[in-house]
Amino acid sequence: MSEQRFSDWLRERCEPDWTSVVTHPFARAITTGEATDDDMRRYLEQDFQFVDSFTALLGAAVASADSFEARVPYGRFLGQVATTEEKTYFHRALAALGGRTQAPPEPVTVAFRRLMDETRAGLDYPLIVAVLCVAEWTYLGWASRAVEPLPESFVHREWIELHEGPEFREWVGFLRGELDRLGTALDEDGRRRVLEVFGQAVELERRFFDMALG
């Protein structure tokens, strides 16, 4: 990898799926407010199905991180966002759209939730960081492409704001930094395992947005 950041090395090896996610037509439709109520309802119903698995994965990151300094950001994000702001948004948005929090999961939702749960159960810190980083970095990727003025509908606007801004950029920067730090200590087999999980997560993100288009 020479002096290339490990996180960049991972991202580049997940093309073209990575670019397909951050430039996805459905993601673009969210940023412009053109995603229909029906499409947003279906998308958010499915995205809500990750809340429990994602929260548990954050808990696993706290448990498996190799230093106190690394544990703190996970705990902070777990308390301030995953169980408050974001969950509150889901309930308000789904109520406004006539959606359900207990919608039957689509196949891609089941597959992505399985990846999160298996990664959590393994308590392998680099793999946990890889899945978390994909989930957050790809969302920053598309949300950061939104231009002012943001959509008037809170359903679109607040979903963008949850995944863009100084605090979220700092969070993504932390996750990338952890991958970069861990990558320097991994042997070839360790890097391969992280790339495999990172790539699976990117592919599932792309499939998830494909599902949202119907």
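I will try to describe carefully the structure that is included in this document. Sequence order as written defines residue numbering, which begins from 1 separately in each chain. Thresholds applied to this predicted model are a pLDDT of at least 70 for local features of residues and 80 or more for the giving and counting of side-chain atom pairs; totals over whole chains, interfaces and linings are not thresholded and use all residues. Water and hydrogen atoms were dropped before computing side-chain values, which therefore reflect all heavy atoms in the structure.

## A look at the nonpolar core
In plain terms, the rule: Working definition of a nonpolar core: buried Ala, Val, Leu, Ile, Met, Phe, Trp, Tyr and Cys residues. They are joined through side-chain atoms within 4.5 Å. Throughout, exposure labels follow a simple rule: accessible area from a 1.4 Å probe, protein chains only, divided by the maximum for the residue type, with under 20% read as buried, over 50% as exposed, and the rest as partly exposed. Segments assigned H or I by DSSP are reported as helices when at least four residues long, segments assigned E as strands when at least two residues long, and all are numbered from the N terminus. The contact rule is simple, with two residues in contact once any of their heavy atoms fall within 4.5 Å.
In terms of nonpolar packing, the biggest core is built from 76 residues, with Met40, Tyr43, Leu44, Tyr74, Trp142, Trp159 and Phe198 touching the most fellow members. Looking at which element gives the most residues to this core, the answer is helix H8 (residues 125–143), with 15 residues. For tryptophan 142, the contacting residues outside a window of four places in its chain are Val21, Val22, Ala27, Ile30, Thr31, Tyr43, Trp159, Ile160 and Phe209.

## With respect to the packing of aromatic side chains
Convention followed: The criterion for an aromatic pair is that two Phe, Tyr or Trp rings (for Trp, the six-membered ring) have centres within 6.5 Å, with stacked assigned to planes under 30 degrees apart, edge-to-face to planes over 60 apart and tilted to the rest.
Evaluation of the coordinates by the stated rule reveals 23 aromatic pairs. Plain terms: the ring middles of tryptophan 171 and phenylalanine 174 are 6.0 Å apart, the flat faces sit at 20° to each other, and that makes the pair stacked. Here tryptophan 171 pairs with phenylalanine 174, and both are found in helix H10 (residues 166–183), just three residues apart, close to one helical turn. You can call tryptophan 171 buried: its relative accessible area is 6%. Among the residues examined, phenylalanine 174 registers a relative accessible area of 18% and is labelled buried. An aromatic cluster of three or more residues is present, and its members are Phe26, Tyr43, Phe48, Phe50, Tyr89, Phe90, Phe112, Tyr139, Trp142, Trp159, Phe208 and Phe209.

## Side note on the environment of phenylalanine 54
Of note, phenylalanine 54 is situated in helix H5 (residues 51–64). C-alpha of phenylalanine 54 to C-alpha of aspartate 117: the two residues are 63 residues apart in sequence and 8.5 Å apart in space. Leave out the neighbours within four places in its chain, and phenylalanine 54 touches Phe77, Met116, Leu132, Ala135 and Glu136.

## Structural notes on helix H4 (residues 37–48)
What counts, and what does not: A helix's residues, less one, multiplied by 1.5 Å, set its expected span.
With 12 residues, H4 ought to run about 16 Å at 1.5 Å a step, and its terminal C-alpha atoms sit 16 Å apart, in line with that. Three or more residues of H4 are buried, namely Asp39, Met40, Tyr43, Leu44, Glu45, Gln46, Asp47 and Phe48.

## Brief notes about the side chain of glutamate 136
Short version of the rule: His is not counted here, nor are the chain ends, while Lys and Arg score as positive and Asp and Glu score as negative. Each salt bridge in this description consists of a side-chain nitrogen of Lys or Arg and a carboxyl oxygen of Asp or Glu lying within 4 Å of one another.
Turning to its location among the elements, glutamate 136 is positioned in helix H8. With no salt bridge to any partner, buried glutamate 136 finds its closest opposite charge in arginine 76, at an N-O distance of 13 Å. Setting aside residues up to four positions removed in sequence, glutamate 136 forms contacts with Phe54, Phe77, Phe168, Trp171, Val172 and Leu175.

## Some remarks on the pattern of salt bridges
Think of it this way: side chains of opposite charge can pair up when their charged atoms draw near. If you walk through the whole model with that rule in mind, you get 17 salt bridges. Across the pair glutamate 158 and arginine 92 runs a salt bridge, and its minimum N-O distance is 2.4 Å. With a gap of 66 residues between them, glutamate 158 in helix H9 (residues 154–162) and arginine 92 in helix H6 (residues 68–97) connect regions that are remote in the sequence. The exposure class assigned to arginine 92 is partly exposed, which follows from its relative accessible area of 36%. Its salt-bridge partner being arginine 193, residue aspartate 124 comes within 3.0 Å of it at the nearest N-O pair. In this pair, aspartate 124 sits in the loop between helix H7 (107–122) and H8 while arginine 193 sits in helix H11 (residues 188–212), placing the two residues 69 residues apart along the sequence. For aspartate 124, a relative accessible area of 21% corresponds to the partly exposed category.

## Notes on the state of the cysteines
Heads up, the rule is: Pairs of cysteine sulfur atoms within 2.5 Å are what we label disulfides.
In total, this model carries zero disulfides according to the counting rule given. Cysteine 14 carries a free sulfur, and the closest cysteine sulfur to it, the one in cysteine 133, is 11 Å from it. Given the relative accessible area of 7%, cysteine 14 is considered buried. A residue is classified by how much of its surface remains accessible, and cysteine 133, at 1% relative accessible area, is buried.

Everything listed here is a matter of geometry and, on its own, says nothing about what the molecule does.
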